[in-house]
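Descriptive analysis of the structure
One-letter residues, chain by chain:
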2 protein chains.
Amino acid sequence: MRALQPVRPVIDRPRSLDTIETPAVIVDLDRMERNLDAAGRYAAAHNLALRPHVKTHKAPVVAEAQLARGARGLTCATPFEAEVMSAVCDDILVAYPPIGAPRARRVASLPPRVRVTVALDSVHAVDEIAAAARAARRTVHVYVELDLGMHRVGVPGLADAVALAARVQAAQGLEFDGIAFYPGHVREPVMEQDSKLRVLGDALEHALARFDAAGMTPRVVSGGSTPTLWRTHELPGVTEFRPGTYVYNDRTTAAIGACTLDDCALTVLATVVSTAVPGQAVIDAGTKSLGREPVRGADGEGFGQLLEHPDVVVTRLSEEHGVLDLARSSWRPVVGERVRIVPNHVCIVVHLYDLVFGTRGDAVVSCWPVAARGRGPRAD
Amino acid sequence: MRALQPVRPVIDRPRSLDTIETPAVIVDLDRMERNLDAAGRYAAAHNLALRPHVKTHKAPVVAEAQLARGARGLTCATPFEAEVMSAVCDDILVAYPPIGAPRARRVASLPPRVRVTVALDSVHAVDEIAAAARAARRTVHVYVELDLGMHRVGVPGLADAVALAARVQAAQGLEFDGIAFYPGHVREPVMEQDSKLRVLGDALEHALARFDAAGMTPRVVSGGSTPTLWRTHELPGVTEFRPGTYVYNDRTTAAIGACTLDDCALTVLATVVSTAVPGQAVIDAGTKSLGREPVRGADGEGFGQLLEHPDVVVTRLSEEHGVLDLARSSWRPVVGERVRIVPNHVCIVVHLYDLVFGTRGDAVVSCWPVAARGRGPRAD
């Protein structure tokens, strides 16, 4: 597994950021730990099980920090994420429909000591993961996924959802643990979420009543995202939440008020490579370093914002070029100067890199691989 | 180097596409070779040097196919691309400002047998790459990059451009070879490019006259992109062109008429993982598999189009979910069914994967690594 291979470069003593080749991903470890602590405290205060989604960091070393700070287990999307994280965690939820024989097989082939749960929304998925569980001679736990307003995956009708849970209960190799939902449609600024959270809460109460009436009371009610993180306890019946972005945060999270800009732990370090065209500066971080993600749920132009010059945004992207709009700033960078960009959507950025550098103050003190990036050793 | 490591899975005999785990990138080898042949023939017919940009495929095996079909050298953007491609080519242009000591060092450290050229637009770049060239005891060839309308990088003023070329000529370790430009602002449908190409041609003629008058006639005039590929010969004085996308093509290239949909060699193979929400189907290819790239320069909704159902587009993306809009189609997929997506921008897609599968007809016959993905062994 790549996570266990040595990381190059080795950071054997603190080094200056100036020595790091750009573009690079930099994590302020103090900020990251503050973010983890805050979520851990929130979970404890409200008696919620914190099951962070690893898609944001894809790194066992960060997962260990989450587990050490109050997380009760991990959430993954891909089989490879689950495989990599099984090295550091024995309670893994694959919050993704286990469709396709290779995917179902990989999930069911996680180490036997790992308690594996999947979220699903179809008869096809139940039958496929049950077959894989039986072939692997293990029990796979199941959340039935409900669509409570996001309209992406999830069973919309409660009769169908209850019937699906019954099919899970009847399937050899599976165990019905509860229900899951993802409030990804609640992207408003935190203080404007009231009406959507009320609708969501009502739908959830209604769903729980139906499961109760059918004699299948969910042991777990799993929801939660970073935009709604601090209001998870307002949702009736929720026992578990699965934020991902909160570990690093990003410009979008700050824009909607779920964190401040000072809580953004991850930046992209880039170098100004050209100022030849007047009125702009070009950096060596483009779409292949930043992604082409908008700020969602709040205002925010461009594809990222400079940490040291928040009035400067990345206004245009090519694959390896980012154009800084200097119109609102008196700052005039020179070629060779370095900048740090707070990205709009941090999960997409991390997925583009093989390595992450950790800093304390201005010193680079650690380096770790994005071990679960990509799809991993293929089942085919 | 990763390119030289064995590729898993090994394709030792033709296999069905059905055996490939999704999401996956699939290249129709017949289409790819047809694309390479066409560009090679065009270059020969117009006596142009074809120097394909490897950013699109990042794979030595594809570069070898380009070199075998008429390419005279390769173009790279990153030091890692140049390092990987130096295994199969001894004439490499790094068409990117060589700014930052690590980047300049990596470029100057390519194997001595490789003829290395860089494109640059600043005094800073000249001085930095000259120092790196001298330290490596080699000659680095230089194109002075002009801004002929794209307004990204490139010297806009001709007096400055000529002065920069003189500084290159005077620098020990460097040799002035010519000028470069990138017509990335010409993105119209091919038949509507006339007025922009005329302006570009005029600017080019003017620039060449100024270099001639200064006694620094460029030996090479390097331009060209995929959107303008088939009209490169209309630009006065151009000796070399650097298309990248043409190897695979994509939905954007087809939309502007620089190819047909039948020339799109690369697709993303995905599985339908949910049809729970009415009116749509969800596939396992999201932003982390397709990128969030728009069609540019022509009409085209969504983030990709189905190969077998061109009236179906990927209308919404999450990180690992793509939502297919079924409104304009009578096709109703079932969970577990597979689809192939023609992506909007293929260069971004390839950069997200570690492996590519090659097909002849319906059979998977080869598999190669995206060897130059990421940033490679770091100089720090």
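Residues numbered from 1 in each chain as written. Chains lettered and ligands numbered in written order. Predicted model: local features only at pLDDT ≥ 70, side-chain atom pairs only at ≥ 80, totals over all residues. Heavy atoms only, no water.

1. A short note on the domain arrangement of chain A
Residues and elements named next belong to chain A.
- Partitioning chain A into structural domains gives domain 1 (30–249) and domain 2 (261–369).
- When each unit is reduced to the centre of its C-alpha atoms, the spacing between domain 1 and domain 2 is 32 Å.
- Each partner contributes to the interface: domain 1 provides 20 residues, whereas domain 2 provides 18 residues.
- Both faces combined, the contact of domain 1 with domain 2 buries some 1,600 Å², and carbon together with sulfur accounts for 51% of it.
- Where domain 1 meets domain 2, there are 4 salt bridges.
- The salt bridge partner of Asp262 is Arg31, with a shortest N-O separation of 3.8 Å.
- On the surface where domain 1 and domain 2 come into contact, there are 10 residue pairs in polar contact (both at pLDDT 80 or more).
- Among the secondary structure elements, those contributing two or more residues to the side of domain 1 that touches domain 2 are α1 (29–45) and α2 (60–68).
- Take the side of domain 1 that touches domain 2: its biggest share by element is 6 residues, from α1. (Domains from an automatic or database assignment. Contact = heavy atoms within 4.5 Å. Buried area = accessible area lost by both parts, 1.4 Å probe. Salt bridge = Lys/Arg side-chain N within 4 Å of Asp/Glu carboxyl O. Polar contact = N/O pair within 3.5 Å; in protein donor to acceptor, adjacent residues only side chain to side chain. Helix = DSSP H or I, 4+ residues; strand = E, 2+ residues; numbered from the N terminus.)

2. Focus: the packing of aromatic side chains
Residue and element names in this part refer to chain A.
- Under the defined criterion, the tally for this structure stands at 6 aromatic pairs over all chains.
- Aromatic side chains Tyr42 and Phe241 sit 5.8 Å apart centroid to centroid with 65 degrees between the ring planes, which places their arrangement in the edge-to-face category. Of this pair, Tyr42 sits in helix α1 while Phe241 sits in strand β10 (residues 240–241), and the two are 199 residues apart along the sequence. For the residue pair Tyr42 and Phe241, the accessibility class agrees, reading buried in each case. (Phe/Tyr/Trp six-rings, centres within 6.5 Å; stacked < 30°, edge-to-face > 60°. Buried < 20%, exposed > 50% of the residue type's maximum accessible area, 1.4 Å probe, protein only.)

3. With respect to the relation of the copies chain B and chain A
- Once chain B has been moved 0.0 Å along the axis and rotated by 180 degrees, it coincides with chain A to within an RMSD of 0.0 Å. The superposition of one copy onto the other is thereby described by a two-fold rotation axis. The position closest to the rotation axis in chain B is occupied by the C-alpha of Arg292 of chain B, lying 3.0 Å away.
- Of the residues that chain B buries at the interface, 100% are likewise interface residues in chain A, meaning the two copies contact each other through the same surface. (Least-squares fit on C-alpha atoms with pLDDT ≥ 70 in both.)

4. A look at the sheet that holds β10 of chain A
Residue and element names in this part refer to chain A.
- Across the sheet, which stays open at both edges, the 8 strands sit in the order β3-β10-β9-β8-β7-β6-β5-β4 with parallel pairing between neighbours. On the outer flanks of this sheet lie β3 (49–50) and β4 (74–76), each paired with one strand and no other.
- Here strand β5 (residues 91–94) runs beside strand β6 (residues 115–120); their pairing, made up of 4 bridges, is parallel. Each bridged residue has a counterpart across the sheet, and for Ile92 the counterpart in β6 is Val116.
- Of the strands in this sheet, β6, β7 (140–145) and β8 (174–180) touch helix α6 (residues 158–170), which is tilted by about 155 degrees from β8. (Pairing = 2+ DSSP bridges. Axes fitted to C-alpha atoms, helices over the stretch in contact; angles between N-to-C directions.)

5. A short note on the environment of Phe211 of chain A
- Residue position: Phe211 of chain A is located in helix α7 (residues 194–213).
- Each C-alpha atom, one on Phe211 of chain A and one on Ala163 of chain A, is 9.8 Å from the other, the two residues being 48 residues apart in sequence.

6. So, the nonpolar core
- In terms of nonpolar packing, the biggest core is built from 218 residues, with Tyr248 of chain A together with Tyr248 of chain B touching the most fellow members.
- Counting contributing residues, this core receives three or more from each of domain 1 (30–249) and domain 2 (261–369) of chain A. (Core = buried A, V, L, I, M, F, W, Y, C linked by side-chain atoms within 4.5 Å.)

7. Comments concerning the packing of helix α5 (residues 123–135) of chain B against helix α6 (residues 158–170) of chain B
All names here are of chain B.
- Two numbers describe how α5 lies on α6: the axes approach to 10 Å, and their chain directions differ by 15 degrees. With respect to α6, the element α5 is oriented roughly parallel. The handedness of the crossing between α5 and α6 is right-handed. Where α5 abuts α6, its residues Val123, Val126 and Asp127 lie against Leu164, Arg167 and Val168.
- Taken together, the residues of the contact of α5 with α6 break down into 4 nonpolar, no polar and 2 charged. (Parallel < 35°, antiparallel > 145°, perpendicular 65-115°, else oblique. Left-handed = near helix turned anticlockwise from the far one by under 90°. Nonpolar A, V, L, I, M, F, W, Y, C, P; charged D, E, K, R; others polar.)

8. A look at the pairing of strand β11 (residues 266–274) of chain A
Residues and elements named next belong to chain A.
- Judged by how many residues are buried, β11 sits mostly within the fold: 9 of 9 residues are covered.
- By the bridge criterion, 4 bridges tie strand β2 (residues 24–28) to β11 in an arrangement that is antiparallel. Residue pairing in the sheet places Val27 in a bridge with Leu266 of β11.
- As judged from the 4 bridges shared by β11 and strand β16 (residues 338–343), these two strands associate in the antiparallel manner. Across the sheet, the residue bridging to Val268 is Ile341, located in β16.

9. Describing the environment of Ala285 of chain B
All names here are of chain B.
- Of note, Ala285 is situated in the loop between β12 (280–283) and α9 (287–290).
- The spacing of Ala285 and Val273 is 12 residues in sequence and 9.9 Å in space, taken between C-alpha atoms.
- In this view, Ala285 contacts Val268, Ala270, Leu290, Leu317, Glu320, His321, Gly322 and Ile341; residues no more than four positions away in its chain are not counted.

10. Things to note about the sheet that holds strand β10 (residues 240–241) of chain B
All names here are of chain B.
- Strand order in this open sheet of 8 strands is β3-β10-β9-β8-β7-β6-β5-β4, and the pairing throughout is parallel. The sheet is open, and its two borders are formed by β3 (49–50) and β4 (74–76), each paired with just one other strand.
- Here strand β9 (residues 220–223) pairs with β10 via 2 bridges, running parallel. The partner of Gly223 across the bridge, within β10, is Phe241.
- Here helix α7 (residues 194–213) sits on the sheet and contacts β8 (174–180) and β9; the angle it forms with β8, its principal contact strand, is near 150 degrees.

11. Concerning the pairing of strand β9 (residues 220–223) of chain A
Residue and element names in this part refer to chain A.
- The two faces of β9 match: Val220 and Ser222 on one face and Val221 and Gly223 on the other face are all buried.
- Alignment of β8 against β9, held across 3 bridges, turns out to be parallel. For Ile179, the partnering residue across the bridge sits in β9 and is Val221.
- Each parallel crossover has a hand, and the one from β8 via α7 to β9 is right-handed. (Right-handed = clockwise from strand over helix to strand, strands pointing away.)

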